[in-house]
Amino acid sequence: MKTILIIGASRGLGLEFVRQYRHDGWEVIATHRRAVDGKKLAALGAETLILDTTDAASIAAFSEALGKRSLDVAIYNAGVYGPREASVTAPASLKDFDSVMHANVFGALQMIPIVAPRLIKNKGTFAFVSSMMGSIGGMTGPHGVTYRASKAALNAVVKAASFEYASKDINAFVMHPGWVQTDMGGDGADITPEVSVTGMRKVIATATTKSNGGFFNYTGEEIAW
Ligand SMILES: NC(=O)c1ccc[n+]([C@@H]2O[C@H](COP(=O)([O-])OP(=O)(O)OC[C@H]3O[C@@H](n4cnc5c(N)ncnc54)[C@H](OP(=O)(O)O)[C@@H]3O)[C@@H](O)[C@H]2O)c1
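None of these values were measured; they are calculated from a predicted model. (Residues numbered from 1 in each chain as written. Predicted model: local features only at pLDDT ≥ 70, side-chain atom pairs only at ≥ 80, totals over all residues. Heavy atoms only, no water.)

Student: Honestly, the site of the ligand in this entry has me stumped. Any pointers?
Tutor: The immediate surroundings of the ligand are formed by 28 residues, with Ser-10, Arg-11, Tyr-147, Val-180 and Thr-182 found nearest. Separating an oxygen atom of the ligand from a side-chain N or O atom of Ser-10 is a distance of 2.5 Å. Between the ligand and Arg-11 there is a distance of 2.7 Å, counted from an oxygen atom to a side-chain nitrogen or oxygen. In isolation the ligand offers 900 Å² of accessible surface; the protein chains occlude 95% of this area. Put simply, the ligand lies in the largest pocket. For the shell around the ligand, the elements supplying multiple residues, two or more each, are helix H1 (12-23) and helix H5 (145-165). Of the residues contributing to the shell around the ligand, the split by class is 10 nonpolar, 12 polar and 6 charged. (Near = heavy atom within 4 Å. Polar contact = N/O pair within 3.5 Å; in protein donor to acceptor, adjacent residues only side chain to side chain. Areas by Shrake-Rupley, 256 points an atom, 1.4 Å probe, with all protein chains shown as cover. 1 Å grid on protein atoms, 1.4 Å probe; cavity = no way out; pocket = protein on both sides within 12 Å on 5 of 7 lines; lining within 4 Å. Sits in = over half its atoms within 2 Å of the grid points. Helix = DSSP H or I, 4+ residues; strand = E, 2+ residues; numbered from the N terminus. Nonpolar A, V, L, I, M, F, W, Y, C, P; charged D, E, K, R; others polar.)

Listed below in structure tokens is the structure:
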């Protein structure tokens with residue numbers, strides 16, 4: 001049985017990843033922050049671990065609880081958008097900017113030395129849910145500058161990790177999930193979590209060492225950095 005770790009699984013895309021991998025018979029380790037979400041995830045048959053990726057004590061406890069288990073796949077899905085009204089002309093406060101960067105970038109970076117060694121035995125995949133909004137080459141407008149900066153920085157972190165772990169045959173890459181109907185994406189978004197996660201699971205399932213260091217749409221195409 002294959003084992004996957006899903007970081008940030010309480011709702012939206014993370015919860016859909018749990019549903020689909022459980023449906024396919026995977027052993028799923030799902031992280032959450034609130035007790036009520038743990039019950040929801042356990043009801044789907046997932047093993048649950050508490051993790052707030054912006055809290056050092058929580059990260060230490062999570063690492064301890066994960067033990068020496070080997071993983072086949074890990075997904076860093078946790079993310080926040082930050083204040084919607086912040087812009088290039090009216091930047092977010094330093095506190096708001098830092099909290100977005102902490103969850104989306106430093107949180108992900110801190111997971112790498114904890115999670116990647118557990119992927120080595122199975123030559124596994126570490127996929128990070130980024131966003132098209134983090135693409136500098138594909139940028140089409142100024143809105144969401146804080147979030148854009150955080151996802152561009154996440155992309156840089158994952159690219160650096162791809163070099164670090166290439167000799168261990170781990171695939172580390174980032175994915176754009178599409179514009180998805182979740183709390184973050186809103187009801188008017190293009191696609192459902194089911195469609196997005198089905199696509200991202202295919203990207204993960206078909207990953208080879210050539211995927212290492214890549215940036216992929218949920219439909220499989222490569223995205224400009
Ligand atoms: N929806 C879209 O259209 C879209 C588009 C592009 C990229 N994305 C990316 O896709 C990922 C999932 O987004 P979503 O749409 O499912 O958003 P969502 O419904 O807002 O869910 C965000 C998830 O991240 C978790 N999270 C946030 N901060 C965390 C932290 N510090 N520690 C641990 N978990 C944390 C949340 O946990 P709590 O429930 O505890 O808050 C929740 O499970 C994010 O990385 C997002 O940036 C989404």
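Student: Sorry, what's going on with H5 here?
Tutor: Each α-helix turn comprises 3.6 residues. Residues three or four places apart therefore point the same way. Between the first and last C-alpha of H5 there are 30 Å, a value that for 21 residues agrees with the 30 Å anticipated at 1.5 Å per step. Regarding H5, the residues found buried are Thr-146, Tyr-147, Arg-148, Ser-150, Lys-151, Leu-154, Asn-155, Val-157, Val-158, Ala-161, Ser-162 and Tyr-165. Packing partners of the buried residues in H5 comprise helix H4 (94-115), strand S5 (125-129), strand S6 (171-176) and strand S7 (215-217). (Expected span 1.5 Å × (residues − 1). Buried < 20%, exposed > 50% of the residue type's maximum accessible area, 1.4 Å probe, protein only. Contact = heavy atoms within 4.5 Å.)

Student: Before we go on, may I ask you to explain the pairing of S6 in this structure?
Tutor: A regular strand places its side chains so that they alternate between the two faces of the sheet. S6 sits mainly inside the fold: 6 of its 6 residues count as buried. Here S6 shows two buried faces, one formed by Asn-171, Phe-173 and Met-175 and the other by Ala-172, Val-174 and His-176. Of the strand pairs in this sheet, S5 and S6 are connected by 5 bridges, and their pairing is parallel. Looking at S6, one finds that Phe-126 is bridged to Ala-172. As for the winding sense of the linkage, the β-α-β connection from S5 through H5 to S6 is right-handed. Where S6 and S7 come together, 3 bridges link them in parallel fashion. Note that in S7 the partner of His-176 across the bridge is Asn-217. Handedness of the crossover is the feature at issue here: the chain leaves S6, passes through helix H6 (residues 193-205), returns alongside S7, and the resulting connection is left-handed. (Pairing = 2+ DSSP bridges. Right-handed = clockwise from strand over helix to strand, strands pointing away.)

Student: Would you mind going over the packing of H4 against H5 with me for this structure?
Tutor: Running from N to C, H4 and H5 cross one another at 10 degrees; their axes reach a closest spacing of 9 Å. The orientation of H4 relative to H5 falls into the category roughly parallel. In the crossing of H4 with H5, the sense of the turn from one axis to the other is right-handed. Contact with H4, carried on its side by Phe-97, Val-100, Met-101, Asn-104, Val-105, Ala-108, Leu-109, Ile-112 and Pro-113, involves Thr-146, Tyr-147, Ala-149, Ser-150, Lys-151, Ala-153, Leu-154, Val-157, Ala-161 and Tyr-165 of H5 and no other residues of that element. Residues that form the contact of H4 with H5 fall into these classes: 15 nonpolar, 3 polar and 1 charged. (Axes fitted to C-alpha atoms, helices over the stretch in contact; angles between N-to-C directions. Parallel < 35°, antiparallel > 145°, perpendicular 65-115°, else oblique. Left-handed = near helix turned anticlockwise from the far one by under 90°.)

Student: What's the story with the layout of surface pockets in this structure? I'm lost.
Tutor: The rolling of a water-molecule-sized probe over the atoms marks out the regions of remaining empty space. What the largest pocket holds in volume is close to 1100 Å³. Taken together, 46 residues form the lining of the largest pocket, with Gly-79, Val-80, Tyr-147, Thr-182 and Met-184 sitting closest to its centre. Mapped onto the lining of the largest pocket, the elements with two or more residues apiece are H1, strand S2 (27-32) and H5. Across the lining of the largest pocket, the residue classes tally to 17 nonpolar, 19 polar and 10 charged. When its volume is computed, the second largest pocket comes out at roughly 220 Å³. Taken together, 13 residues line the second largest pocket, and the ones lying closest to its centre are Lys-2, Trp-26, Val-73, Ile-204 and Ala-205. Here the lining of the second largest pocket gets 3 residues from one element, more than from any other, and that element is H6. Taken together, the residues of the lining of the second largest pocket break down into 6 nonpolar, 3 polar and 4 charged. (Points joined across faces, edges and corners; volume = space filled by probe spheres on them.)

Limitation: the analysis is restricted to geometry and does not speak to function.
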